[in-house]
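Observations on the model geometry
Here's the letter readout for the chains.
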Amino acid sequence: MATTSISKAEQSYIQTALLSDPPLRTDGRSLHDFRSVALETGIAPLANGSARISIGQDPHDGSGGTEVLAAAKVEVESVEEGGVDAGRVVCTVSCSPAAYPQLATAALEDLQYDMTTIVHQTLSHPSLHPKNLRILPGKKSWLLNLDLIVLADSGNIYDALFMAARAALWDTKIPRTRAVEYKARKGVPGSAGLSAAVGKVGGSGDMDIDEEAPSGFDTRQIQHATDFELPDYWDEGEVLDGRDIWPVCITLNLVPPVHFLDAILREEAAAPLKILLIYSFPPSEKPRVQGMRMLGPGELTLEQIKDLVNRGEHYARDVFTALHTKLKDEDVRRNQKAREKFERR
Amino acid sequence: MQSGFDRRRINGPEESNPPIFEDEETPTWNVGMPRRNRASVDIRPIFLQPGLINQATGSAYIETQNTKIACAVFGPRQAKNVAFNEKGRLNVDVKFAPFSCDRRRAPMRDAEDRSIAMAIHQAISSSVRLDVLPKSVIDIFITIVESDGIEGCVAAGVIVASTALTDAGIEIFGLVASCSAAAVGEDIWLDPSLRESQESRGTLVLSCMPALSTVSSIWQTGNMNTGDVLACMDACNSRCTDIHSVIAQVLLDSI
């Protein structure tokens, strides 16, 4: 999916440089170096979680670089109207026409569709599904919309998309809800009043209230719960379940026998074959491959692919660790430091 | 929803649900139990027939139990209104028949699936000698008559497209065979059906040219560890050799 076209001479120049010893890249990086990555979470105040990422932005004037915005927004969906009992995750990628000025509208739509497919198929897979998207069992659930906007593309867009998605989902907070039911008030026939608030829904993960209900609530009443309320409107809610396991993507660009990471646009055009490897590193578990795609013309042997899968795991772990550290930092910056600053005023 | 409404067709109701029959409830299966109906490395039997559609340059039809796909190849023809391209272009169009899935796929609205088309395109494009067809276009139309799992559709689609391309007499480097696998519990099941892939942790589709021993596409989703992925690729790769001989035999018989 080369979005830029370059001449044959330039293509061969870039390929020869990559294959020479030592390998040379136009910006002086080594084959497995990344450009600098900048990340900020919480950039969209109206979303439930958001992040902005840029790869390879010029540190002095802030120009260039691949830039992606991601925002997660939850909405209530009732199961009768097409919702799913355990909630849904829907991912959409849209590309700004400014990011791809050379593409016609139809081609841009196809590109968006392809990106959406890969992101959605990976992140909405049942094996990654967060457990706290259920509001009222069998009645209402959260629909989590993850929207990604590509503001600028200067290469390596898939890695940027998945990093942005992971950061936004890490940042996502699901509002706390409490189930309510309506009961006719005793003695006053015909009048219905809001009476009982039954249990805290969403807090106990997968709703196993039957077994662990600490109080003397009659659990059968939960079936009668017809609606829910937000106990605290100003509370942002609890973090999305399983935020440690959202995957990262690593794109291996191939000029057999070498492969390189974080290609810029011209390198992508010169080396059209690439493999996307999407890894997740759950704590205290083996690394998980959450997705794999070969993109672009060309073939590989099975041995080459096996080698790439193993190497990709190391690269992905590096990206994952760095991103994890940064996300923790962002949490500290936005919660602890912001509070301290507020107190000092 | 009314905007993409086609008045010339008999439109079904907007909302519909598939009926549930009483005797449809199959015995429950739990992780760890052996596979039903076949061994874990078995694939469903393949019925493949080239040359089904007369007016197409080449065509083929494939049936692997509940997956039924027809494919027609048109071209190579001259590309009009397009800038000069020294390599030929391969267009892949995948359409679902409205009755192909559990839920009705309304015509126009959700009958086309670009993601499957792209997966098939990725798998077969490197096998076609597009460099000998400058300025031309090859159209591949794939109709899914009945679907039993996306993975099965992609794998069968690749096989049928490669057969139809050969039937059309278009120069190719080698036949492309494709096989899907699912990681279920600790096992690896080849060629999973829809139900089986829903029970699985993750699935993988591998397309390769056994004659050249190269892999042209990998398509994996879901949760697998590295060992699973490598084992799936090996299992699919060896099964593709068998599929290759099926395609070759069918093509020989059709001459």
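Rules and cut-offs
Residues numbered from 1 in each chain as written. Chains lettered and ligands numbered in written order. Predicted model: local features only at pLDDT ≥ 70, side-chain atom pairs only at ≥ 80, totals over all residues. Heavy atoms only, no water. Helix = DSSP H or I, 4+ residues; strand = E, 2+ residues; numbered from the N terminus. Buried < 20%, exposed > 50% of the residue type's maximum accessible area, 1.4 Å probe, protein only. Contact = heavy atoms within 4.5 Å. Areas by Shrake-Rupley, 256 points an atom, 1.4 Å probe, with all protein chains shown as cover. Rg over C-alpha atoms; globule rule 2.2 N^0.38 Å. Patch = residues over 30% accessible without salt bridge, like charges linked within 9 Å, V, L, I, M, F, W, Y side chains within 5 Å. Salt bridge = Lys/Arg side-chain N within 4 Å of Asp/Glu carboxyl O. Pairing = 2+ DSSP bridges. Axes fitted to C-alpha atoms, helices over the stretch in contact; angles between N-to-C directions. Buried area = accessible area lost by both parts, 1.4 Å probe. Polar contact = N/O pair within 3.5 Å; in protein donor to acceptor, adjacent residues only side chain to side chain. Nonpolar A, V, L, I, M, F, W, Y, C, P; charged D, E, K, R; others polar. pLDDT = per-residue confidence, 0-100. Phe/Tyr/Trp six-rings, centres within 6.5 Å; stacked < 30°, edge-to-face > 60°.

Brief notes about the overall build of chain A
When you go through chain A residue by residue, the secondary structure sums to six helices and 15 strands. The buried share of chain A, taken over its 345 residues, is 48%. Contacts spanning at least 24 positions in sequence make up 71% of the contacts within chain A whose residues lie at least 6 apart. For chain A, the accessible surface area stands at approximately 16700 Å², while carbon and sulfur atoms represent 53% of it.

Re the overall build of chain B
For chain B, the count of helices and strands is four helices and nine strands. N-terminal to C-terminal, the α/β element order of chain B is β-β-β-β-α-β-α-β-β-α-β-β-α. Taken against the 2.2 N^0.38 rule, which gives 18 Å for 255 residues, the C-alpha radius of gyration of chain B at 19 Å falls within 12% of a compact globule. Here chain B holds 255 residues, and the buried ones make up 51% of them. Long-range pairs, those at least 24 residues apart, make up 67% of the contacts in chain B between residues at least 6 apart in sequence.

Describing a nonpolar patch on the surface
Residue and element names in this part refer to chain A. Residues Leu230, Tyr233 and Trp234 make up a contiguous nonpolar surface patch of roughly 460 Å² in combined accessible area. Examined against the element boundaries, leucine 230 turns out to sit in the loop between strand 10 (227-229) and strand 11 (238-239). For leucine 230, a relative accessible area of 40% translates into the label partly exposed.

Overview of the sheet that holds strand 14 (residues 274-280) of chain A
With respect to topology, eight strands assemble into an open sheet ordered 13(A)-12(A)-14(A)-15(A)-9(B)-8(B)-6(B)-7(B), the strand pairing being antiparallel. Strands with a single pairing partner mark the edges of an open sheet, and in this sheet they are strand 13 (258-260) of chain A together with strand 7 (187-190) of chain B. On average, each strand axis in the sheet is inclined to that of its neighbour by 25°, with strand direction left out of account. Where strand 12 (residues 248-255) of chain A lies against strand 14 of chain A, six bridges are found, and the strand directions are antiparallel. Following the sheet pairing, asparagine 253 of chain A is matched in strand 14 of chain A by lysine 274 of chain A. This element, helix 1 (residues 114-125) of chain B, spans strand 15 (288-295) of chain A together with strand 8 (202-209) and strand 9 (214-225) of chain B of the sheet and lies at about 140° to strand 9 of chain B. With respect to the sheet, helix 4 (residues 226-254) of chain B is in contact with strand 14 and strand 15 of chain A together with strand 6 (177-184), strand 7, strand 8 and strand 9 of chain B, its orientation differing from that of strand 6 of chain B by roughly 145°.

Overview of the interface of chain A and chain B
Each side of the interface is counted separately: chain A has 30 residues, and chain B has 31 residues. Carbon and sulfur atoms supply 54% of the area buried between chain A and chain B, which totals about 2600 Å² over both sides. Taken as a group, Met292, Glu299 and Leu302 of chain A account for 22% of the area that chain A buries against chain B, more than any other trio of residues on that side. For the salt bridge of aspartate 234 of chain B with lysine 306 of chain A, the shortest nitrogen-to-oxygen distance reads 2.7 Å. Viewed at the interface, chain B and chain A are joined by 15 residue pairs in polar contact (both at pLDDT 80 or more). Only helix 2 (105-123), strand 15 and helix 6 (302-344) of chain A provide two or more residues apiece to the side of chain A that touches chain B. With eight residues, strand 15 of chain A is the single largest residue contributor to the side of chain A that touches chain B. Among the residues forming the side of chain A that touches chain B, the class breakdown is 11 nonpolar, 10 polar and nine charged. Here strand 15 of chain A pairs with strand 9 of chain B via five bridges, running antiparallel. Within the sheet, the bridge partner assigned to arginine 288 of chain A lies in strand 9 of chain B and is asparagine 225 of chain B.

Quick notes on the pairing of strand 2 (residues 49-55) of chain A
Each regular strand carries side chains that alternate between the two faces of the sheet. All names here are of chain A. Taken across its seven residues, strand 2 has six buried, putting it largely inside the fold. Of the pairings in the sheet, the one linking strand 1 (residues 37-41) to strand 2 comprises five bridges and is antiparallel in character. Looking at the pairing, threonine 41 lines up with alanine 51 of strand 2. For strand 2 and strand 3 (residues 66-78), the ladder comprises seven bridges, and the chain directions are antiparallel. Within strand 3, the position partnered with glycine 49 by the bridge is alanine 72.

Notes on the environment of proline 137 of chain A
Mapped onto the elements of the fold, proline 137 of chain A is located in the loop between strand 5 (134-136) and strand 6 (140-152). The sequence separation of proline 137 of chain A and phenylalanine 162 of chain A amounts to 25 residues, and the corresponding C-alpha distance is 31 Å.

Here's the deal with the sheet that holds strand 1 (residues 47-50) of chain B
Residue and element names in this part refer to chain B. Strands sit in the order 1-2-3-5-4 across an open sheet of five strands; the sheet is mixed. With one partner strand each, in any of the chains shown, strand 1 and strand 4 (89-96) form the two edges of the open sheet. Strand-to-strand twist of the sheet, defined as the mean angle between neighbouring strand axes without regard to direction, takes the value 15°. The strands touched by helix 1 are strand 4 and strand 5 (136-146); relative to strand 4, the strand with the most contacts, the crossing angle is about 140°. Across the sheet, helix 2 (residues 150-167) is in contact with strand 1, strand 2 (58-64), strand 3 (67-78) and strand 5; its angle to strand 3 comes to roughly 40°.

Description of the confidence of the model for chain A
Residue and element names in this part refer to chain A. Mean pLDDT for chain A: 85, with 87% of residues reaching 70 or above. Summarising per-element confidence for chain A, the mean pLDDT is lowest in strand 9 (residues 192-201) (43) and highest in helix 3 (residues 157-171) (95). Contacts for the low-pLDDT stretch residues 190-214, under 50 throughout, to residues beyond four places or in other chains number 50 contacts.

Examining the packing of aromatic side chains
Residues and elements named next belong to chain B. Across all of its chains, the model carries five aromatic pairs over all chains by this definition. On the basis of an interplanar angle of 65° and a centroid distance of 6.5 Å, the ring pair of phenylalanine 47 and tyrosine 61 is categorised as edge-to-face. With a gap of 14 residues between them, phenylalanine 47 in strand 1 and tyrosine 61 in strand 2 connect regions that are remote in the sequence. For phenylalanine 47, a relative accessible area of 42% gives the class partly exposed.

Quick notes on the side chain of arginine 35 of chain B
Residue and element names in this part refer to chain B. The residue arginine 35 is located in the segment before strand 1 in this model. Given the relative accessible area of 9%, arginine 35 is considered buried. Within the structure, arginine 35 has its side chain in polar contact with the backbone oxygen of alanine 39 (distance 3.4 Å). A distance of 2.8 Å separates a polar atom in the side chain of arginine 35 from the backbone oxygen of leucine 190. In this structure arginine 35 touches Ser40, Asp42, Trp189, Leu190, Asp191, Pro192 and Glu196, once residues within four positions along its chain are discounted.

A short note on the environment of aspartate 93 of chain B
Residue and element names in this part refer to chain B. Looking at the element boundaries, aspartate 93 is found in strand 4. Aspartate 93 gets classed as partly exposed once you look at its relative accessible area, which sits at 34%. Dropping the residues within four chain positions of it, aspartate 93 is found in contact with Ile140, Phe141 and Ile142.

So, the pattern of salt bridges
Across all of its chains, the model carries 29 salt bridges over all chains by this definition. Across the pair arginine 38 of chain B and glutamate 196 of chain B runs a salt bridge whose closest N-O atoms are separated by 3.5 Å. With arginine 38 of chain B in the segment before strand 1 and glutamate 196 of chain B in helix 3 (residues 194-199), this pair connects stretches of sequence that are 158 residues apart. Each member of the pair, arginine 38 of chain B together with glutamate 196 of chain B, is buried. Between glutamate 146 of chain B and lysine 68 of chain B there is a salt bridge, with its nearest N and O atoms 2.8 Å apart. Here glutamate 146 of chain B is found in strand 5, whereas its partner lysine 68 of chain B is found in strand 3, with 78 residues between them in sequence. Via salt bridges that share partners, Asp27, Arg29, Arg35 and Asp262 of chain A belong to a single interconnected network.

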